[in-house]
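Spelled out from the first residue to the last, the chains are:
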Amino acid sequence: MRRSLGSTILACAIALATVAGAAPSPKRAPPPPSKSVGAPNKGHLENGVRVEPTPYLRILGAYAAGDVRYGTRELVDAIDRAAREVHRRFPEAQLGVGQLSKKGGGNIERHHSHESGRDADLGFYLVDALGRPLLRDSFHSIRENGIATSDPSVRFDDGRNWALVAALASDPHAHVTHIFVATHLRTRLLAYGAKIGAAPAVRQRVADLLMQPKHALPHDDHFHVRVACPANSAECVEFPVVAQPKKAKQAKPPKAHAEPERAEVAKASPKAQPSPHKITRARSTGKVKPEPIAVTPTQEDDAPYP
Ligand SMILES: [Zn+2]
């Protein structure tokens, strides 16, 4: 049977389309977006992204145990971009990363926040007395004079630390809301920014972000960076949970054997207690004295430990 040229072309086209349909080109589905659920101090993380070492970023050994290095994609990407920018300007620079969140988020020891994938601890860039970069495996507390408390040969590197906070503050995609750091280091960094003639808008933005958290020891050995709720996380709560003052209970008569004195943060049992609440139980009387933890956007209650 003879076929016309037109029908032959049509048949070929159908055959090709069939083949193409049978074997679609291998296209990877994009990774699911990260979800930050709940508040920084009472929440969890879905589809978190793990921070991985690069030539400009390393994981500090002292905080590597437990694999606490997951965050929202937005947080991890923001850290990556900032570290890369510092490395571009200072080729030997390597940012030391401490802890973020666990893979699924939730409570972690020694942190009050870091639960929902929006918090990260970043080590300071350090130099020796001659200004040569130092790579240490843990955080170092820095005094007002820029020298480490534990080792006078270790110094705060104003240039690279300024470059880091300026990069985080200037990144239009990062949505950084806080960079917690001790007041004397905030002052030091802002003075450095003024000295080098950084743009006033950048200095102002850095000034707005840097702050010493209240209810915590001075953050003098690392930056604690927090980003805003990601756009796709409807269940994300922007600010830390504020503990409500517990209704004053009338004192019960003291027990014969009162509990030893202790301060504890009653943790997060979703059913029993909707928010963390610090309770001090006095030894002598057994009275319960509620101490509300007031937390506002500028009153961070990160744990004393980084
Ligand atoms: Zn922290």
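Thresholds applied
Residues numbered from 1 in each chain as written. Predicted model: local features only at pLDDT ≥ 70, side-chain atom pairs only at ≥ 80, totals over all residues. Helix = DSSP H or I, 4+ residues; strand = E, 2+ residues; numbered from the N terminus. Contact = placed C-beta atoms within 7 Å. Buried ≥ 20, exposed ≤ 12 C-beta atoms within 10 Å, placed from the backbone. Pairing = 2+ DSSP bridges. Expected span 1.5 Å × (residues − 1). Arc of directions from axis to C-beta. Core = buried A, V, L, I, M, F, W, Y, C linked by C-beta atoms within 7 Å. Axes fitted to C-alpha atoms, helices over the stretch in contact; angles between N-to-C directions. Parallel < 35°, antiparallel > 145°, perpendicular 65-115°, else oblique. Nonpolar A, V, L, I, M, F, W, Y, C, P; charged D, E, K, R; others polar.

1. Some points on the overall build of the protein
Piece 1. Along its length, the protein carries five helices and 16 strands.
Piece 2. Pairs at least 24 residues apart make up 72% of the contacts formed inside the protein by residues separated by at least 6 positions.

2. Considerations on the pairing of strand β7 (residues 119-123)
For a regular strand, side chains alternate in direction, first toward one face of the sheet and then toward the other.
Piece 1. β7 sits mainly inside the fold: five of its five residues count as buried.
Piece 2. The pairing of β7 with strand β13 (residues 222-227) spans five bridges and is classified as antiparallel. Each bridged residue has a counterpart across the sheet, and for Ala-120 the counterpart in β13 is Val-225.

3. Here we look at helix α4 (residues 183-195)
Piece 1. The first and last C-alpha atoms of α4 sit 18 Å apart over 13 residues, in line with the 18 Å expected at 1.5 Å per residue.
Piece 2. Inspection of α4 places Leu-185, Arg-186, Arg-188, Leu-189 and Gly-193 among the buried residues, and these make up the whole buried set. Taken end-on, α4 shows its buried residues confined to a sector of 165°, consistent with a single buried face. Exposed residues pointing more than 90 degrees away from the buried face of α4 are listed as Thr-187, Ala-191, Ala-194 and Lys-195.
Piece 3. Turning to α4, the residues buried within the fold contact α3 (158-170), α5 (200-209) and β12 (210-211).
Piece 4. Looking one or two places after α4, you find Gly-197, whose phi comes out positive at around 75°.

4. Here we look at the nonpolar core
Piece 1. Counting 50 residues, the largest nonpolar core has Ile-79, Leu-164, Val-165, Leu-168, Val-176 and Ile-179 as the members making the most contacts within it.
Piece 2. Per element, the largest residue contribution to this core is eight residues, and it comes from α3.
Piece 3. The residues touching Leu-164, leaving out its near neighbours within four places in the chain, are Ala-82, Val-86, Leu-95 and Tyr-125.

5. Describing the sheet that holds strand β10 (residues 155-156)
Piece 1. What the three strands build is an open sheet, ordered β9-β8-β10; its pairing is antiparallel. Edge positions in the sheet fall to β9 (133-134) and β10, since each of these pairs with one other strand and no more.

6. Structural notes on the packing of α3 against α4
Piece 1. In contact at an axis separation of 10 Å, α3 and α4 are set at 90° when each is read in the N-to-C sense. Comparing the axis directions of α3 and α4 gives the class roughly perpendicular. In contact with Asp-158, Asn-161, Trp-162 and Val-165 of α3, α4 contributes Arg-188, Leu-189, Tyr-192 and Gly-193.
Piece 2. The residue makeup of the contact of α3 with α4, split by class, is four nonpolar, two polar and two charged.

7. Concerning the environment of Ser-141
Piece 1. Take Ser-141: it is sitting in the loop between β9 and β10.
Piece 2. Classification of Ser-141 by C-beta neighbours within 10 Å gives partly exposed; the count is 17.
Piece 3. A sequence separation of 80 residues divides Ser-141 from Asp-221, and the C-alpha atoms of the two residues are 4.1 Å apart.
Piece 4. In this structure, Ser-141 is in contact with Ala-148, Thr-149, Ser-150, Asp-220 and Asp-221, ignoring residues within four places of it in sequence.

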